[in-house]
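Residues per chain, in single letters:
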Protein chains: 2
Amino acid sequence: MRPTIDDVAKTANVSKATVSRYLNGHFERMSAATRDRIAAVVAQLGFVPNRQASALKSRRTHLIGVVVADLANIYSTLLITGINDVTKEAGDQILVAGAGNDLAEEKRVLHLLIGQGVDGIILQPMSQDSHQYDFVRLAGIPMVIVDRDSLPRRHVTVASSDYSASRTLAETVIRAGYKDIIVFANPVQLVSSRMLRYRGFADVGQDHHIPVTLLETHGDSAAEADVSMIGAWLTAHPGHRPAVFTTNGRLLMAALFWMQDQGLQTPRDLGICGYDDWDWARLAGPGITSVNQHPQQIGQKAAEFLYQAVNGTPAPATRIEIPATLDLRHSL
Amino acid sequence: MRPTIDDVAKTANVSKATVSRYLNGHFERMSAATRDRIAAVVAQLGFVPNRQASALKSRRTHLIGVVVADLANIYSTLLITGINDVTKEAGDQILVAGAGNDLAEEKRVLHLLIGQGVDGIILQPMSQDSHQYDFVRLAGIPMVIVDRDSLPRRHVTVASSDYSASRTLAETVIRAGYKDIIVFANPVQLVSSRMLRYRGFADVGQDHHIPVTLLETHGDSAAEADVSMIGAWLTAHPGHRPAVFTTNGRLLMAALFWMQDQGLQTPRDLGICGYDDWDWARLAGPGITSVNQHPQQIGQKAAEFLYQAVNGTPAPATRIEIPATLDLRHSL
DNA sequence: TTGAAAGCGCTAACAT
DNA sequence: ATGTTAGCGCTTTCAA
């Protein structure tokens with residue numbers, strides 16, 4: 001069906017070894033004649049070398065594994081795009097997998113990736129305990145962590161400047177005159193970036209003696225998030241006009257949907273701002289003040305660090321921060 | 001480094017063949033004792049079978065290739081999510097690649113996928129000429145086409161009901177009283193789905209004697225699209241209040257950004273509606289009437305058809321339509 | 001400058 | 001119920 005290196009060798013009247021050299025660009029001492037002859041045959045036969053076979057011996061699959069918490073999240077899309085920018089230059093391919101926000105599922109797919117012999121892995125980790133990933137290290141597979149910390153830090157970690165960006169946003173909120181702040185988040189203990197985003201607000205609130213209320217919901221999608229908690233807070237505090245900060249784009253959207261349903265307007269009835277500005281935040285209501293994490297850049301950086309490790313010169317396991325930027329609009 | 005089947009065999013005091021049977025679930029006639037012994041050793045050694053090696057003999061890599069026109073598009077994300085829903089059940093992995101909206105690049109990545117020996121490919125094709133993909137057929141790799149037609153049809157094609165959904169939307173526009181319709185699109189000749197979306201409007205416009213103007217732009221992103229064409233039309237037709245239909249989500253967003261910049265409001269100054277409702281359309285302005293293609297469903301269906309072919313019983317090469325749905329809001 | 005041969009880790013007849 | 005053996009398609013010494 002697909003021609004093999006043997007077919008090429010025979011029709012070109014050379015040995016497999018020579019064809020292999022040709023394929024790998026070892027032209028140093030190969031007559032131009034053979035080179036051209038092989039080239040012709042390769043083209044004529046439409047020969048595409050089988051990487052499975054070559055990987056067996058060369059120990060390079062040219063596959064980079066990417067595991068994200070949730071495939072459907074736009075963060076993932078942009079992250080993957082950034083990674084792809086780099087892998088494409090290297091002529092490699094990416095194997096993507098979603099962990100479905102579940103540690104066991106994440107473990108399963110990591111094993112699949114190891115089975116596929118990926119040259120390296122980029123992981124948005126479900127667990128903050130890096131020992132969960134010891135088996136990857138044991139398999140000798142280079143890995144770079146993105147978005148969230150997993151400690152003790154065993155791998156280069158590329159993430160946004162969650163804490164400082166949150167502080168900046170919190171200062172902005174307070175400067176706008178709000179006396180109450182609500183942080184609407186998924187459980188903050190579980191994920192380091194959420195915690196940093198919350199802490200940024202909590203710390204700044206404390207500095208200014210402004211109460212910061214944490215409202216945690218489990219629902220991950222806009223539909224599942226329990227936004228009514230904000231409504232409950234509002235009825236419990238009549239006359240107050242709080243600023244709501246959401247720790248990710250899905251929750252931002254959930255909150256906005258809910259406000260729309262309730263006939264609540266921003267900034268008239270409450271202020272709102274949050275993480276993850278995928279452009280649409282500019283179009284919603286009067287424009288929502290939001291934080292852009294630049295996931296594509298995070299992906300690129302992560303891939304660059306990964307290649308350093310794949311090529312045998314791993315960087316020390318530190319946290320690399322990509323500065324998040326704040327888009328000031330009119331929702332505060 | 002990673003243990004091999006040989007290591008397992010030796011420590012369990014059995015032959016590689018027995019271990020292989022164990023790994024592939026051929027327990028039919030294997031003593032429970034050996035089974036358990038092997039299980040123990042596998043766990044103890046943290047053995048993960050090397051799929052490159054197994055693929056070499058078994059001709060199954062458990063890899064499904066996915067090639068989308070543009071990785072960063074949300075359509076791609078949702079499509080990939082849908083595909084992953086199905087591949088995950090099969091224990092397979094997906095190899096994703098973006099064609100960067102370029103035919104040559106698409107060809108390059110298709111070759112990479114073939115080199116990786118993928119069991120099948122799902123392609124959102126750059127070319128409407130299916131002969132461009134003959135080399136994939138020649139390599140004997142099952143393929144399913146999504147989103148766009150490529151003719152003559154050689155593969156099952158899964159797409160949304162572009163033409164009928166567009167007609168429905170066009171009827172809605174006309175029923176709302178608009179006397180002018182502008183279709184804002186990327187070049188329609190190049191991609192079948194764009195063409196169908198345009199034709200839906202053009203045909204309905206003709207039925208009702210309503211002029212439908214096609215404005216084509218090359219820019220693909222919201223930033224690059226030349227929205228000023230709409231402005232030019234507006235100045236050329238003072239007093240008119242057209243309905244603008246955009247053929248994809250990026251152009252919808254581009255148009256909305258532009259309107260925002262111009263201080264134009266919908267539906268006051270013009271009506272607007274378009275393809276690709278990724279939830280945010282509900283939040284923009286008064287809510288934008290838009291078409292949801294359900295790309296995740298398209299991905300699932302495509303993967304199901306692909307597996308039929310991979311498993312030796314390919315379905316006939318027909319076009320399968322996933323009904324697009326219309327979200328009526330307040331922008332018309 | 002080129003070839004021969006061994007082997008990467010696994011699977012699948014064919015034996016036993 | 002288990003083992004032996006011969007590859008799968010490449011890469012890579014080592015020779016020539």
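The structure presented is a predicted model; accordingly, all values stated were derived computationally and were not measured. (Residues numbered from 1 in each chain as written. Chains lettered and ligands numbered in written order. Predicted model: local features only at pLDDT ≥ 70, side-chain atom pairs only at ≥ 80, totals over all residues. Heavy atoms only, no water.)

What to know about the sheet that holds strand 10 (residues 289–292) of chain A
All names here are of chain A.
Inference 1: Pairing is mixed across the open sheet formed by 6 strands, whose spatial order is 7-6-8-9-10-12. The open sheet is flanked by strand 7 (212–216) and strand 12 (325–327), the only strands paired with a single partner. Neighbour to neighbour, the strand axes of the sheet diverge by 20 degrees on average, direction disregarded.
Inference 2: Direction of pairing for strand 9 (residues 271–275) relative to strand 10: parallel, over a ladder of 3 bridges. Each bridged residue has a counterpart across the sheet, and for Tyr275 the counterpart in strand 10 is Val291.
Inference 3: In the packing of helix 9 (residues 192–208) onto the sheet, contacts are made with strand 6 (181–185), strand 7, strand 8 (243–246) and strand 9, and the angle to strand 7 comes to roughly 155 degrees. (Pairing = 2+ DSSP bridges. Helix = DSSP H or I, 4+ residues; strand = E, 2+ residues; numbered from the N terminus. Axes fitted to C-alpha atoms, helices over the stretch in contact; angles between N-to-C directions. Contact = heavy atoms within 4.5 Å.)

Let's talk about the protein's contact with DNA strand C
Inference 1: Neighbouring DNA strand C are 27 residues, the closest being A:Arg21, A:Arg29, A:Arg59, B:Ile5 and B:Lys16.
Inference 2: A distance of 3.0 Å is found between a phosphate oxygen of DNA strand C and a backbone nitrogen or oxygen belonging to A:Ser31.
Inference 3: Between a base nitrogen of DNA strand C and a side-chain N or O atom of B:Lys16, the distance comes to 2.4 Å.
Inference 4: Contributing elements (two or more residues each) for the surface near DNA strand C: helix 2 (16–23) and helix 4 (51–58) of chain A together with helix 2 (16–23) and helix 4 (51–58) of chain B. (Near = heavy atom within 4 Å. Polar contact = N/O pair within 3.5 Å; in protein donor to acceptor, adjacent residues only side chain to side chain.)

Topic: the sheet that holds strand 7 (residues 212–216) of chain B
Residue and element names in this part refer to chain B.
Inference 1: Strand order in the open sheet made by the 6 strands is 7-6-8-9-10-12, with mixed pairing throughout. In this open sheet, the two edge strands, each paired with only one partner strand, are strand 7 and strand 12 (325–327). Taking each pair of neighbouring strands and ignoring which way they run, the sheet shows an average axis angle of 20 degrees.
Inference 2: With 4 bridges connecting them, strand 8 (residues 243–246) and strand 9 (residues 271–275) associate as parallel partners. Among the inter-strand pairings, Phe245 is bridged to a residue of strand 9, identified as Cys273.
Inference 3: This element, helix 11 (residues 249–262), spans strand 6 (181–185), strand 8 and strand 9 of the sheet and lies at about 155 degrees to strand 9.

Re the UniProt feature "domain: HTH lacI-type" (unreviewed entry) in chain A
Inference 1: Using the residue numbers shown here, the UniProt feature "domain: HTH lacI-type" (unreviewed entry) corresponds to residues 3–58 of chain A.
Inference 2: The annotated region residues 3–58 of chain A carries 68% helix and 0% strand content, and the separation between its end C-alpha atoms amounts to 20 Å. (UniProt positions renumbered as here; feature names shortened; annotations may be inferred.)

What about the pairing of strand 5 (residues 157–160) of chain A?
Residue and element names in this part refer to chain A.
Inference 1: Burial along strand 5 is two-sided: Thr157 and Ala159 facing one way and Val158 and Ser160 facing the other are all buried.
Inference 2: Both strand 4 (residues 143–146) and strand 5 contribute to a ladder of 2 bridges, which runs parallel. From the neighbouring strand, Val146 faces strand 5, where its bridge partner is Val158.
Inference 3: Pairing between strand 5 and strand 11 (residues 319–322): 4 bridges, direction parallel. Along strand 11, the bridge assignment pairs Ser160 with Ile322. (Buried < 20%, exposed > 50% of the residue type's maximum accessible area, 1.4 Å probe, protein only.)

Details of the domain arrangement of chain A
Residue and element names in this part refer to chain A.
Inference 1: Each domain of chain A was delimited in the assignment, giving domain 1 (5–49), domain 2 (58–160 + 295–323) and domain 3 (162–292).
Inference 2: Computed from C-alpha coordinates alone, the two centres of domain 2 and domain 3 are separated by 29 Å.
Inference 3: Between domain 2 and domain 3, the contact holds 15 residues from the first and 12 residues from the second.
Inference 4: Counting the surface lost from both domain 2 and domain 3, the interface buries some 1100 Å², and carbon and sulfur atoms represent 39% of this.
Inference 5: Interface area lost by domain 2 to domain 3 is led by Gln128, Arg148 and Ser160, which between them contribute 36%.
Inference 6: Inspection of the domain 2/domain 3 interface yields 2 salt bridges. (Domains from an automatic or database assignment. Buried area = accessible area lost by both parts, 1.4 Å probe. Salt bridge = Lys/Arg side-chain N within 4 Å of Asp/Glu carboxyl O.)

What about the nonpolar core?
Inference 1: By size, the foremost hydrophobic cluster in this structure holds 104 residues, and its most contacted members are A:Val158, A:Trp280, B:Val158 and B:Trp280.
Inference 2: Among the nonpolar cores identified, the runner-up in size contains 44 residues, and A:Val67, A:Phe135, B:Val67 and B:Val109 belong to it. (Core = buried A, V, L, I, M, F, W, Y, C linked by side-chain atoms within 4.5 Å.)

Some details on the packing of aromatic side chains
Residues and elements named next belong to chain B.
Inference 1: Counted under the stated rule, the structure contains 6 aromatic pairs over all chains.
Inference 2: Measuring from ring centre to ring centre gives 4.0 Å for Phe201 and Phe245, while their planes differ by 15 degrees; the resulting arrangement is stacked. One end of the pair, Phe201, is in helix 9 (residues 192–207); the other, Phe245, is in strand 8, and 44 residues separate them in sequence. Across the pair, Phe245 and Phe201 agree in class, each one buried.
Inference 3: Aromatic pair Phe245 and Tyr275: ring centres 6.2 Å apart, planes at 70 degrees, arrangement edge-to-face. (Phe/Tyr/Trp six-rings, centres within 6.5 Å; stacked < 30°, edge-to-face > 60°.)

Some points on the side chain of A:Thr247
Inference 1: Position of A:Thr247 among the secondary structure elements: in the loop between strand 8 and helix 11 (249–262).
Inference 2: For A:Thr247, the contacting residues outside a window of four places in its chain are A:Val183, A:Phe184, A:Ala185, A:Asn186, A:Arg197 and A:Tyr275.

Section: the relation of the copies chain B and chain A
Inference 1: Its rotation angle being 180 degrees, the transformation that places chain B on chain A also includes 0.0 Å of axial translation and leaves an RMSD of 0.1 Å. Both copies of the chain, as the preceding transformation shows, are related through a two-fold rotation axis.
Inference 2: In this assembly, 100% of the residues forming the interface of chain B have copies in chain A that are likewise at the interface, indicating an isologous arrangement. (Least-squares fit on C-alpha atoms with pLDDT ≥ 70 in both.)

Focus on the protein's contact with DNA strand D
Inference 1: With respect to spatial proximity, 27 residues lie near DNA strand D, and among them A:Ile5, A:Lys16, B:Arg21, B:Arg29 and B:Arg59 are the closest.
Inference 2: The sugar and phosphate moieties of DNA strand D supply 59% of its atoms located within 4 Å of the protein.
Inference 3: Between a phosphate oxygen of DNA strand D and a main-chain N or O atom of A:Ile5, the distance comes to 2.6 Å.
Inference 4: A:Asn24 has a polar side-chain atom sitting 3.2 Å from a phosphate oxygen of DNA strand D.
Inference 5: Those elements giving two or more residues to the surface near DNA strand D turn out to be helix 2 and helix 4 of chain A together with helix 2 and helix 4 of chain B.
Inference 6: Broken down by class, the residue content of the surface near DNA strand D amounts to 10 nonpolar, 10 polar and 7 charged. (Nonpolar A, V, L, I, M, F, W, Y, C, P; charged D, E, K, R; others polar.)

Observations regarding the packing of helix 8 (residues 162–175) of chain B against helix 9 of chain B
All names here are of chain B.
Inference 1: At a closest axis distance of 8 Å, the pairing of helix 8 and helix 9 adopts a crossing angle of 40 degrees. In terms of axis orientation, helix 8 runs oblique to helix 9. With respect to the hand of their crossing, helix 8 and helix 9 are arranged in right-handed fashion. Here helix 8 contributes Asp162, Tyr163, Ser166, Arg167, Leu169, Ala170, Glu171, Val173 and Ile174 to the contact with helix 9, which in turn contributes Ser193, Leu196, Arg197, Arg199, Gly200, Phe201, Asp203, Val204, Gly205 and Asp207.
Inference 2: Residues that form the contact of helix 8 with helix 9 fall into these classes: 8 nonpolar, 4 polar and 7 charged. (Parallel < 35°, antiparallel > 145°, perpendicular 65-115°, else oblique. Left-handed = near helix turned anticlockwise from the far one by under 90°.)

Details of unusual backbone geometry
Residue and element names in this part refer to chain A.
Inference 1: Residue Pro267 is reached from Thr266 by a cis peptide bond, and omega for that bond is 0 degrees.
Inference 2: Positionally, Pro267 belongs in the loop between helix 11 and strand 9.
Inference 3: Of note, the phi angle at Asp279 is positive, near 70 degrees, even though the residue is not glycine.
Inference 4: You can see Asp279 is positioned in the loop between strand 9 and strand 10.
Inference 5: The phi dihedral of His294 is positive, around 55 degrees, even though this residue is not glycine.
Inference 6: Along the chain, the position of His294 falls in the loop between strand 10 and helix 12 (295–310).
Inference 7: A residue is classified by how much of its surface remains accessible, and His294, at 23% relative accessible area, is partly exposed.

Comments concerning the packing of helix 2 of chain A against helix 3 (residues 32–45) of chain A
All names here are of chain A.
Inference 1: It is at 10 Å that the axes of helix 2 and helix 3 come closest, and there the two elements cross at 85 degrees. The angle between helix 2 and helix 3 falls in the class roughly perpendicular. Residues Thr18, Val19 and Tyr22 of helix 2 lie in contact with helix 3, whose contacting residues are Arg35, Ile38, Ala39 and Val42.
Inference 2: Here the residues of the contact of helix 2 with helix 3 are counted per class, giving 5 nonpolar, 1 polar and 1 charged.

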